[in-house]
Amino acid sequence: MRATTRTWCSFNLAISSLSPIKKTYENRSLSLLNNYYRQSIASSTSQALSLRSLVMDAKSAPMPKLLYGTAWKKDATADLVLLALKAGFRGIDTAAQPRHYKEPLVGAAVKLAISSGIVKRSDLFIQTKFTSVHGQDIDNLPYDPNAPLEEQVHASVASSLQNFRYADSDEPYIDSLVLHSPMDTVADTVKVWKALETYVPQKIRQLGISNTPLQVVDYLCTSPDITVRPAVVQNRFYPATRWEVGLRAYCREKGIAFQTFWTISGNPQLLRSEPVQKLAAHANVEPPIALYALVLGLEGTAVLDGTTNEIHMKDDIKGINMVNDYAQSEEGQSTWSACKGGFRKLIGEV
């Protein structure tokens, strides 16, 4: 695979397209969050890095290294998800948030892929989200916005389970359900989380949280109020958050998978960096694939890939495996180690 220039618009994840969730989260006072989630944060020790798939526990389906991100795909969602599954993606990320996702179309594409023999349900890692009223289009949401929080959660989960029902004889389930962002108060966050816990592990295999600071994750990991600990954290990977070095270290220590998004669109400077360019040239892949591989090499990470280009879908799956093979080869080990070390230095991890 030759290193070529990628058309970035194909990723459909422009930095200018900020969701209301991001705005809501960024408008919150950090001091207020610290008051809500006042817990000590343990330091993390360095761990060996690899490009392995993630299996969070025995009850969870294997989490692929790359998950296909379905945000902002609109009416093209079903076609793109089917293309992604044909290309080899086995992880799908969506949300019960009609404002930015078309979860029913994701479910329809998966159903068609299963009925066509492209995949089996057991091969797939399907992840969706519960989104609060603040992140929803008030005229189009999967629950009554005036209902109590617990009822909102139950209605949202019910709609998601229905979207991912594929046979009358088989009970639908979701591999991972993520709270799209912390609620406004610790009490409401716990209330939503406890409602989600009632589905684990029968209907939902594991829980996670997105768009979150470390304090919230630590609360969910240490509070006696929480029974099901988070298995996934999904956050932006970009300079404004210093690539979440501290949060990712905490997640590694706790055995929590860290899913990155905005990995390409948020990091033009990393794409041009020496470690990425060097790895791309030596492993014979495009720079975006080299960047994905280096992010995966940070240990405990998975990447959301939102490309809308069928060729890039295939190249991304193939390219990650190519880099993995190169990194383990006799000729590639030293280059991989040097690129990985340089990359970690760039993002402040060493």
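Just above, that's the structure.
Residues numbered from 1 in each chain as written. Predicted model: local features only at pLDDT ≥ 70, side-chain atom pairs only at ≥ 80, totals over all residues. Heavy atoms only, no water.

**Student:** Whenever I open this one, the overall build of the protein chain confuses me. Can you help?
**Tutor:** The secondary structure content of the protein chain amounts to 13 helices and eight strands. Within the protein chain, the fraction of its 350 residues that count as buried is 55%. Restricting to contacts in the protein chain with at least 6 residues of sequence separation, those with at least 24 account for 78%. On the protein chain, roughly 14700 Å² of surface is accessible, and the fraction owed to carbon and sulfur atoms is 51%. (Helix = DSSP H or I, 4+ residues; strand = E, 2+ residues; numbered from the N terminus. Buried < 20%, exposed > 50% of the residue type's maximum accessible area, 1.4 Å probe, protein only. Contact = heavy atoms within 4.5 Å. Areas by Shrake-Rupley, 256 points an atom, 1.4 Å probe, with all protein chains shown as cover.)

**Student:** It is not clear to me how the pairing of strand 1 (residues 66–69) should be interpreted in this structure. Could you clarify?
**Tutor:** Taken residue by residue, a regular strand's side chains alternate between the two faces of the sheet. Side chains Leu 66 and Tyr 68 of strand 1 all project onto a buried face; the interleaved residues Leu 67 and Gly 69 project onto the opposite face, where all are buried too. Pairing of strand 1 with strand 2 (residues 91–93) involves two bridges; the strand directions are parallel. Bridging from a neighbouring strand, Tyr 68 pairs with Ile 92 of strand 2. Each parallel crossover has a hand, and the one from strand 1 via helix 3 (residues 77–87) to strand 2 is right-handed. (Pairing = 2+ DSSP bridges. Right-handed = clockwise from strand over helix to strand, strands pointing away.)

**Student:** Is there a simple way to explain helix 6 (residues 186–197) in this structure?
**Tutor:** Side chains that are three or four residues apart share a direction in an α-helix, a result of its 3.6 residues per turn. Over its 12 residues, helix 6 runs 16 Å from end to end, which matches the ideal 16 Å to within 8%, given 1.5 Å per residue. All of the buried residues along helix 6 are Val 186, Thr 189, Val 190, Val 192, Trp 193, Ala 195, Leu 196 and Glu 197. (Expected span 1.5 Å × (residues − 1).)

**Student:** So what exactly am I meant to see when it comes to the packing of helix 10 (residues 274–283) against helix 12 (residues 310–328) here?
**Tutor:** Helix packing for two helices is described by the angle between their axes and how far apart those axes are. At their nearest, the axes of helix 10 and helix 12 sit 10 Å apart, and the two run at 90 degrees to each other. Compared by their axis directions, helix 10 and helix 12 come out roughly perpendicular. When helix 10 is examined against helix 12, the residues Leu 279, His 282 and Ala 283 are found in contact with a partner set consisting of Met 322, Val 323 and Tyr 326. Here the residues of the contact of helix 10 with helix 12 sort into five nonpolar, one polar and no charged. (Axes fitted to C-alpha atoms, helices over the stretch in contact; angles between N-to-C directions. Parallel < 35°, antiparallel > 145°, perpendicular 65-115°, else oblique. Nonpolar A, V, L, I, M, F, W, Y, C, P; charged D, E, K, R; others polar.)

**Student:** Help me out: how do you make sense of the pattern of salt bridges in this one?
**Tutor:** Once their charged atoms are close, side chains differing in charge can pair, the charge on each being opposite to the other. By the definition in use, this model includes eight salt bridges. A salt bridge links Glu 171 to Lys 203; its shortest N-O distance comes to 2.7 Å. Of this pair, Glu 171 sits in the loop between helix 5 (149–163) and strand 4 (176–179) while Lys 203 sits in the loop between helix 6 and strand 5 (207–210), placing them 32 residues apart in sequence. Judged by relative accessible area, which is 53%, Glu 171 ranks as exposed. The salt bridge partner of Glu 310 is Lys 314, with a shortest N-O separation of 3.8 Å. Of this pair, Glu 310 and Lys 314 both sit in helix 12, four residues apart, which is roughly one turn of the helix. You can call Lys 314 partly exposed: its relative accessible area is 44%. When salt bridges that share partners are traced, they join Arg 248, Arg 252, Arg 344 and Glu 349 into one network. (Salt bridge = Lys/Arg side-chain N within 4 Å of Asp/Glu carboxyl O.)

**Student:** Please explain the environment of Glu 274 as it appears in this structure.
**Tutor:** With respect to the helices and strands, Glu 274 occurs in helix 10. Put simply, Glu 274 and Phe 343 are 69 residues apart on the chain and 8.5 Å apart in space, counted from C-alpha to C-alpha.

**Student:** Whenever I open this one, the nonpolar core confuses me. Can you help?
**Tutor:** Burial of nonpolar side chains together is a common tendency in soluble globular proteins. Leu 279 and Phe 343 are the most contacted members of the largest nonpolar core, which has 48 residues in total. For this core, the elements supplying multiple residues, two or more each, are strand 1, helix 3, helix 4 (103–115), helix 9 (268–271), helix 10, helix 11 (287–296), helix 12 and helix 13 (333–346). Broken down by element, the residue count for this core peaks at eight residues, all from helix 11. When neighbours within four sequence positions are excluded, Phe 343 is seen to be in contact with Phe 237, Leu 270, Pro 275, Val 276, Leu 291, Leu 294, Val 295 and Leu 298. Formed by 36 residues, the second largest nonpolar core is a distinct cluster that contains Leu 141, Val 157, Tyr 250 and Ile 256. (Core = buried A, V, L, I, M, F, W, Y, C linked by side-chain atoms within 4.5 Å.)

**Student:** Would you mind going over the packing of helix 10 against helix 11 with me for this structure?
**Tutor:** Contact geometry of helix 10 with helix 11 gives a least axis separation of 8 Å together with a crossing angle of 110 degrees. When the axes of helix 10 and helix 11 are compared, the pair comes out roughly perpendicular. Every pair of crossing elements has a handedness; the one defined by helix 10 and helix 11 is right-handed. In this structure, helix 10 contributes Pro 275, Val 276, Gln 277, Leu 279 and Ala 280 to the contact, and helix 11 contributes Pro 287, Ala 290, Leu 291, Ala 293 and Leu 294. Per-class residue counts for the contact of helix 10 with helix 11 are nine nonpolar, one polar and no charged. (Left-handed = near helix turned anticlockwise from the far one by under 90°.)

**Student:** How do you make sense of helix 10 when you look at a structure like this?
**Tutor:** Listing the buried residues of helix 10 in full gives Pro 275, Val 276, Leu 279, Ala 280 and Ala 283. Summarising the axial view, the buried residues of helix 10 lie within an arc of 130 degrees, below the 170-degree limit, and thus occupy one face. Among the exposed residues of helix 10, those oriented more than 90 degrees off its buried face are Glu 274 and Ala 281. Residues of helix 10 that are buried sit in contact with helix 9, helix 11, helix 12 and helix 13. Following helix 10 by one or two positions, Asn 284 has its phi on the positive side, about 60 degrees. (Arc of directions from axis to C-beta.)

**Student:** What exactly am I supposed to notice about the packing of aromatic side chains here?
**Tutor:** Aromatic ring pairs are defined here through the distance separating the ring centres and the angle between the ring planes. Enumeration according to the criterion identifies four aromatic pairs in this entry. Summarising the aromatic geometry, the rings of Tyr 68 and Phe 89 are spaced 5.6 Å apart at their centres and angled 70 degrees between planes, so their arrangement reads as edge-to-face. With Tyr 68 in strand 1 and Phe 89 in the loop between helix 3 and strand 2, this residue pair connects regions lying 21 residues apart in the sequence. Summarising the burial analysis for this pair, Tyr 68 and Phe 89 share the class buried. (Phe/Tyr/Trp six-rings, centres within 6.5 Å; stacked < 30°, edge-to-face > 60°.)

**Student:** What is the right way to read the pairing of strand 6 (residues 232–236) from this model?
**Tutor:** Counting buried positions along strand 6 gives five out of five residues, so the element sits mostly inside the fold. The sheet contact formed by strand 5 and strand 6 spans three bridges and is parallel. Bridge assignment links Ile 209 to a residue of strand 6, and that residue is Val 233. Tracing the backbone out of strand 5, into helix 7 (residues 214–222) and back to the parallel element strand 6 gives a crossover that is right-handed. In the sheet, strand 6 pairs with strand 7 (residues 257–261) via five bridges, with the strands oriented parallel. Bridging from a neighbouring strand, Arg 236 pairs with Phe 261 of strand 7. In this view, the connection linking strand 6 to its parallel neighbour strand 7 by way of helix 8 (residues 245–254) has right-handed handedness.

Treat this as a map of the structure, not an account of what it does.
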